[in-house]
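Results of the structural survey
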Amino acid sequence: MPTSFLWGLANPTRFMALSARILPWMAALSAVVTAAGLYLALFSSPADYQQGETVRIMYIHVPAAWLALALYAIMSLSALGTLVWRHPLADVSQKAAAPIGAAFTLLCLVTGSLWGKPMWGTWWVWDARLTSVLVLFLIYLGILALWRAIEDPGQAARAVAILTLVGFVNIPIVKFSVDWWNTLHQPASVIRMDGATIDASMLWPLFTMAIGLTLLALTLHMSGMRSEILARRARSLTLKAADRAAERQRPLPLSAGSAGAGSA
Amino acid sequence: MIALDSPHIGFVLAAYMAAAIVIAGLVLRAVIDSRMRNRALDILAARGVARHRVPSSGHPEGASAVRTISDGRDTVGSESSAQGAGYAGRGEGEEGGTARSHDDGRSDRR
Amino acid sequence: MMAALGALLVRDLKLAARVGGSGLLGVVFFLMLVTLIPFALGPDLNLLSRIGPAILWIAAVLATLIGLDRLFQGDEEDGSLDLMRMSHVPLELVVIVKGLAHWLTTGFPLALLSPLFGLLLAQEPDAMLAVMATLMVGTPALTFIGGIGAALTASLPRGGLILAVLVLPLMIPTLIFGVSAAQAAIGGTVPFLTPFLVLAALSLVAIVTGAVASAAALRGGG
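Bear in mind that the values here come from a model prediction, so they are computed numbers and not experimental data.

Turning our eyes to something else, we now look at the overall build of chain B. Scanning chain B from terminus to terminus reveals four helices and zero strands. Of the regular secondary structure in chain B, the N- to C-terminal order runs α-α-α-α. Considering chain B as a whole, with its 110 residues, one finds that 32% of them fall into the buried category.

So, on to the overall build of chain A. Secondary structure summary: chain A contains seven helices and zero strands in total. Of the regular secondary structure in chain A, the N- to C-terminal order runs α-α-α-α-α-α-α. Across chain A, contacts joining residues at least 24 apart in sequence account for 78% of those joining residues at least 6 apart. When the accessible surface of chain A is totalled, it reaches about 11,600 Å², and 71% of it is carbon and sulfur.

All names here are of chain C. Along the chain, Thr 174 turns up in helix α10 (residues 172–186). Residue classification places Thr 174 among the buried residues on the basis of a relative accessible area of 2%. Residues in contact with Thr 174, not counting those within four places in the same chain, are Trp 57, Gly 138, Ala 141, Leu 142, Ile 145, Leu 199 and Leu 202.

All names here are of chain A. On inspection of all chains with the given rule, the structure shows 14 salt bridges over all chains. Residue Arg 235 is joined to Asp 152 by a salt bridge in which the shortest nitrogen-to-oxygen separation is 3.4 Å. Separated by 83 residues along the polypeptide, Arg 235 in helix α6 (residues 200–249) and Asp 152 in the loop between α4 (128–149) and α5 (153–184) bring together distant segments of the chain. Relative accessible area serves as the criterion here: at 27%, Arg 235 is assigned to the partly exposed category. Residue Asp 152 is classed as buried on the basis of its relative accessible area of 18%. Glu 228 is the partner of Arg 232 in a salt bridge, and the nearest nitrogen-oxygen pair spans 3.1 Å. Taken as a pair, Arg 232 and Glu 228 lie in helix α6 at a separation of four residues, close to a single helical turn.

Residue and element names in this part refer to chain C. For helix α2 (residues 25–41), with 17 residues, the first-to-last C-alpha span of 25 Å sits near the 24 Å given by 1.5 Å per residue. The complete set of buried residues in α2 reads Gly 26, Val 27, Phe 30, Leu 33, Val 34 and Pro 38. The buried residues of α2 all sit within an arc of 130 degrees when viewed along its axis, so they share a single face. Counted as exposed and oriented over 90 degrees from the buried face of α2: Leu 25, Met 32, Leu 36, Phe 39 and Ala 40. On its buried face, α2 is in contact with α3 (45–68) and α7 (107–120). Remark: Gly 42 follows α2 within two positions and exhibits a positive phi of approximately 100 degrees.

This brings us to the UniProt feature "transmembrane region" (unreviewed entry) in chain B. Per the UniProt record, "transmembrane region" (unreviewed entry) is found at residues 12–32 of chain B. The distance from the first to the last C-alpha atom of residues 12–32 of chain B is 30 Å, and the span holds 100% helix and 0% strand.

An α-helical segment advances 3.6 residues per turn. Residues three or four places apart therefore align on the same side. The terminal C-alpha atoms of α10 of chain C, which comprises 15 residues, lie 22 Å apart, in line with the 21 Å expected from a rise of 1.5 Å per residue. When we look at burial in α10 of chain C, the residues that qualify are Pro 173, Thr 174, Ile 176, Phe 177, Gly 178, Val 179, Ser 180, Ala 181, Ala 182 and Ala 184 of chain C. Elements in contact with the buried residues of α10 of chain C: α5 of chain A together with α3, α8 (125–152) and α11 (193–219) of chain C. Phi for Gly 187 of chain C, located one or two positions after α10 of chain C, is positive at around 155 degrees.

Below, the discussion takes up the packing of helix α6 (residues 91–105) of chain C against α8 of chain C. Residue and element names in this part refer to chain C. Following both chains from N to C, one finds α6 and α8 inclined at 125 degrees, their axes separated by 10 Å at the closest point. Comparing the axis directions of α6 and α8 gives the class oblique. Where α6 crosses over α8, the two elements pack in a sense that is right-handed. Within the contact between the two elements, α6 uses Val 95, Ile 96, Gly 99, Leu 100, His 102 and Trp 103 and α8 uses Met 136, Thr 139, Pro 140, Thr 143 and Phe 144. Residue classes in the contact of α6 with α8 are distributed as seven nonpolar, four polar and no charged.

Here we take up the UniProt feature "transmembrane region" (unreviewed entry) in chain A. Residue and element names in this part refer to chain A. Under the local residue numbering, the UniProt record ascribes the feature "transmembrane region" (unreviewed entry) to residues 22–44, 64–85, 97–116, 128–147, 159–178 and 202–223. Within residues 97–116, the helical portion is 100% and the strand portion 0%, while the C-alpha atoms at the span's ends are 28 Å from each other. Helix makes up 100% of residues 159–178 and strand makes up 0%, while its end C-alpha atoms are separated by 27 Å.

Let us look at the interface of chain C and chain A. The partner chain A presents 25 residues to the 25 residues of chain C that form the contact. For chain C, the biggest contributors to the area lost against chain A are Leu 152, Leu 170 and Ile 176 of chain C; these three give 24% of the whole. Linking chain C with chain A are zero salt bridges. Elements supplying a minimum of two residues to the side of chain C that touches chain A: α8, α9 (159–167), α10 and α11 of chain C.

Looking now at the side chain of Thr 131 of chain A. Residues and elements named next belong to chain A. Within the secondary structure, Thr 131 sits in helix α4. Assessed through its relative accessible area of 7%, Thr 131 is described here as buried. Sequence-distant contacts of Thr 131, defined by excluding residues within four places in its chain, comprise Trp 124, Trp 126, Val 178 and Trp 181.

Next up on the list: the packing of aromatic side chains. Inspection of every chain in the model, using the stated rule, returns eleven aromatic pairs over all chains. Seen from their ring centres, Trp 103 of chain C and Phe 108 of chain C are 5.4 Å apart, and the 50 degrees between their planes marks the pair as tilted. Among the aromatic side chains, those forming a connected cluster through ring pairs are Trp 124, Trp 126 and Trp 181 of chain A.

Once that is clear, we can look at the confidence of the model for chain A. Do not read the predicted coordinates in detail wherever pLDDT is low. Residue and element names in this part refer to chain A. With 83% of its residues at a pLDDT of at least 70, chain A reaches an overall mean of 81. Taken together, the stretch residues 187–192 has pLDDT below 50 and engages in ten contacts with residues farther than four places along the chain or on a different chain. Segment residues 254–264: pLDDT under 50, and 16 contacts once partners within four positions in sequence are set aside and those in other chains are kept.

Time to look at the confidence of the model for chain B. Residue and element names in this part refer to chain B. Residues of chain B with pLDDT of at least 70 account for 38%, and the chain-wide mean is 58. Element-level mean pLDDT values for chain B span from 36 in helix α4 (residues 98–109) up to 82 in helix α1 (residues 9–53). Segment residues 49–110: pLDDT under 50, and 82 contacts once partners within four positions in sequence are set aside and those in other chains are kept.

Turning our attention to the nonpolar core. Phe 104, Ile 143 and Leu 146 of chain A together with Phe 30, Phe 72 and Leu 152 of chain C are the most contacted members of the largest nonpolar core, which has 124 residues in total. Ignoring anything within four residues of it in the chain, the contact list for Phe 30 of chain C reads Leu 56, Ala 59, Ala 60, Ala 63, Leu 110 and Phe 117 of chain C. Membership of the second largest hydrophobic core comes to 14 residues, among which are Phe 15, Met 225 and Ile 229 of chain A together with Leu 41 of chain B.

Here is what the cut-offs are and how they apply
- In this numbering scheme, every chain counts its residues from 1 along its sequence in written order.
- Starting at A for chains and at 1 for ligands, labels are handed out in the order in which the entities are written.
- With pLDDT at 70 or above as the cut-off, local features in this predicted model cover only qualifying residues; side-chain atom pairs require 80 or more to be listed or tallied, and sums for whole chains, interfaces and linings still use all residues.
- No hydrogens and no water enter the side-chain calculation; it runs on all heavy atoms of the structure.
- The secondary structure listing takes helices from DSSP runs of H or I that are at least 4 residues long and strands from runs of E that are at least 2 residues long, numbered from the N terminus.
- Buried means the residue's accessible area, taken with a 1.4 Å probe over protein chains only, is under 20% of the maximum for its type, while exposed means over 50%, and partly exposed covers the values in between.
- Pairs of residues are marked as contacts when any of their non-hydrogen atoms sit within 4.5 Å.
- Where accessible areas are quoted, they stem from the Shrake-Rupley method and a 1.4 Å probe; at the residue level, only the protein chains shown are allowed to cover.
- By salt bridge we mean one thing: a side-chain nitrogen of Lys or Arg within 4 Å of a carboxyl oxygen of Asp or Glu.
- Between the first and last residue of a helix there are one fewer steps than residues, each counted as 1.5 Å, and that sum is the expected span.
- Note that the arc is defined by the directions from the helix axis to the C-beta atoms.
- UniProt positions are given in the numbering used here, feature names are shortened, and annotations may be inferred rather than shown by experiment.
- Each axis is a line fitted through C-alpha atoms, and for a helix only the stretch in contact is used; angles between axes span 0 to 180 degrees, taken between their N-to-C directions.
- Here is the rule for angles: anything less than 35 degrees is roughly parallel, anything more than 145 is roughly antiparallel, 65 through 115 is roughly perpendicular, and the remaining ranges are oblique.
- Crossing handedness follows the turn of the near helix against the far one: under a right angle anticlockwise gives a left-handed crossing, and clockwise gives a right-handed one.
- Note on residue categories: nonpolar means Ala, Val, Leu, Ile, Met, Phe, Trp, Tyr, Cys or Pro, charged means Asp, Glu, Lys or Arg, and polar means any other residue, Gly included.
- In short, buried area is how much 1.4 Å probe accessible area vanishes from two parts on joining, totalled over both.
- We call Phe, Tyr and Trp rings a pair once their centres come within 6.5 Å, taking the six-membered ring for Trp, and we label the pair stacked below 30 degrees between planes, edge-to-face above 60, and tilted otherwise.
- pLDDT measures how confident the predictor is about each residue, on a scale from 0 to 100.
- Buried Ala, Val, Leu, Ile, Met, Phe, Trp, Tyr and Cys residues form a nonpolar core when they are joined through side-chain atoms within 4.5 Å.

Dropping the structure here:
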């Protein structure tokens with residue numbers, strides 16, 4: 001028991017110290033790489049002969065889609081950390097990843113729609129991939145809603161962890177069924193991206209943007225974890241202060257036991 | 001080089017604007033959030049430190065008893081991570097607060 | 001152990017049947033939805049017969065949601081959930097039995113009566129049978145997926161809305177294959193059995209994951 005307590009105590013401490021040192025560097029690095037990616041994407045890469053300038057939307061759309069999935073993977077890993085290993089940072093990591101993932105999923109949907117209007121002639125197509133991402137977004141919203149619904153952070157973390165893992169099991173099923181549904185209702189004429197091989201002149205901006213935005217997402221995740229740790233610290237200090245205040249108002253012999261029981 | 005006279009340029013620019021808005025929103029949220037957390041902790045610390053400095057006329061025994069009881073509960077109970085995080089980086093905030101926060105942690109355990 | 005589970009099943013069915021229980025309210029709600037949709041779409045019988053299976057399935061999804069928020073909440077409030085947690089019967093089995101009781105009072109009568117509602121939507125006899133079969137096989141998936149949400153929100157005072165937000169995205173595959181199988185029976189390129197068997201598989205998966213996840217959620221006090 002003492003080791004587990006120390007483990008719980010030491011890890012966030014070390015994390016706070018380490019992250020405080022790393023965070024500015026990561027922020028700077030992600031800014032530099034993203035800026036380079038933007039330069040490549042907007043200025044030094046050619047327009048596609050078929051899609052014209054709209055191909056440049058891909059340099060945001062594809063990294064956003066990748067991050068939508070990657071952050072869900074981070075959440076699922078953290079959920080395992082919460083439920084199985086009871087790692088004290090896992091709750092925090094889960095909570096910090098959710099809004100970032102939801103934001104990138106939304107960005108993926110918006111840019112996909114902006115690409116679809118000139119290419120497909122409509123803002124939204126019930127295309128298999130778009131629809132799967134929409135369902136992913138709905139799952140993200142559910143997770144965010146559950147975080148807001150339960151007040152106690154530990155209890156909320158366990159509930160969200162279960163939901164996240166159920167979603168993790170469900171996402172491939174959703175993908176499969178949406179694909180199936182899509183082939184059943186074959187859309188009339190839709191320009192597909194799959195066939196086209198990507199030229200190196202487009203691969204580089206895509207790659208750079210993906211790395212830049214991934215670094216950005218990791219920076220935001222780390223910063224979110226720091227905020228959440230501070231928030232929990234404030235919460236526990238407030239609770240302790242309230243305990244102490246309550247204890248002061250009680251007669252002496254009762255104080256220890258009742259305050260201890262009340263601290264839950 | 002992006003051609004600004006292309007027919008669909010509006011959509012491209014809108015996509016990049018959307019990305020800028022979403023990312024700016026995320027960054028702004030992160031910055032404001034950490035500011036607010038730090039300020040809240042500063043306020044708490046100010047109150048807490050004041051309480052430490054003035055040796056309370058009451059009962060130090062009772063206080064330490066409360067501490068050990070709640071610690072014992074927390075290792076088992078759900079709050080362990082929250083409490084761990086809570087005790088963890090006290091006085092950190094700035095760079096180089098590591099050593100101090102370790103000391104704090106130890107004195108908390110005692 | 002079987003005796004305990006049987007007693008639990010009987011208790012839940014009795015609770016549903018008594019005053020204050022949700023009873024067959026799900027079926028009534030189902031009827032309301034089926035009545036409502038033609039008012040929005042217009043009384044075009046051709047259109048209704050074409051989209052009838054879809055209407056019936058959507059109504060089934062919503063009707064399942066209605067009673068779900070009380071699946072564990074009542075037991076959480078009066079403390080019987082604590083007894084179930086402490087008993088020697090695995091919580092997973094308890095969840096399955098409670099889900100079964102919920103299905104027997106919601107999904108099962110709904111599937112049984114669906115041909116009747118199919119008449120309102122100008123369904124052919126083939127289509128009615130197909131919808132009935134898919135609902136019979138598919139509604140357990142809805143109940144057990146929804147059960148996860150019910151377990152997660154058991155201790156929340158206002159769980160109803162958030163329950164729907166949590167579980168509806170997870171019900172999409174069931175909806176897709178349920179409607180596909182029903183449509184396939186009326187006509188189309190796909191044989192009926194393909195989506196129907198996938199639907200059955202989804203139900204089995206939902207029962208297992210639903211039992212494990214709901215039990216985990218209930219143990220955590222979430």
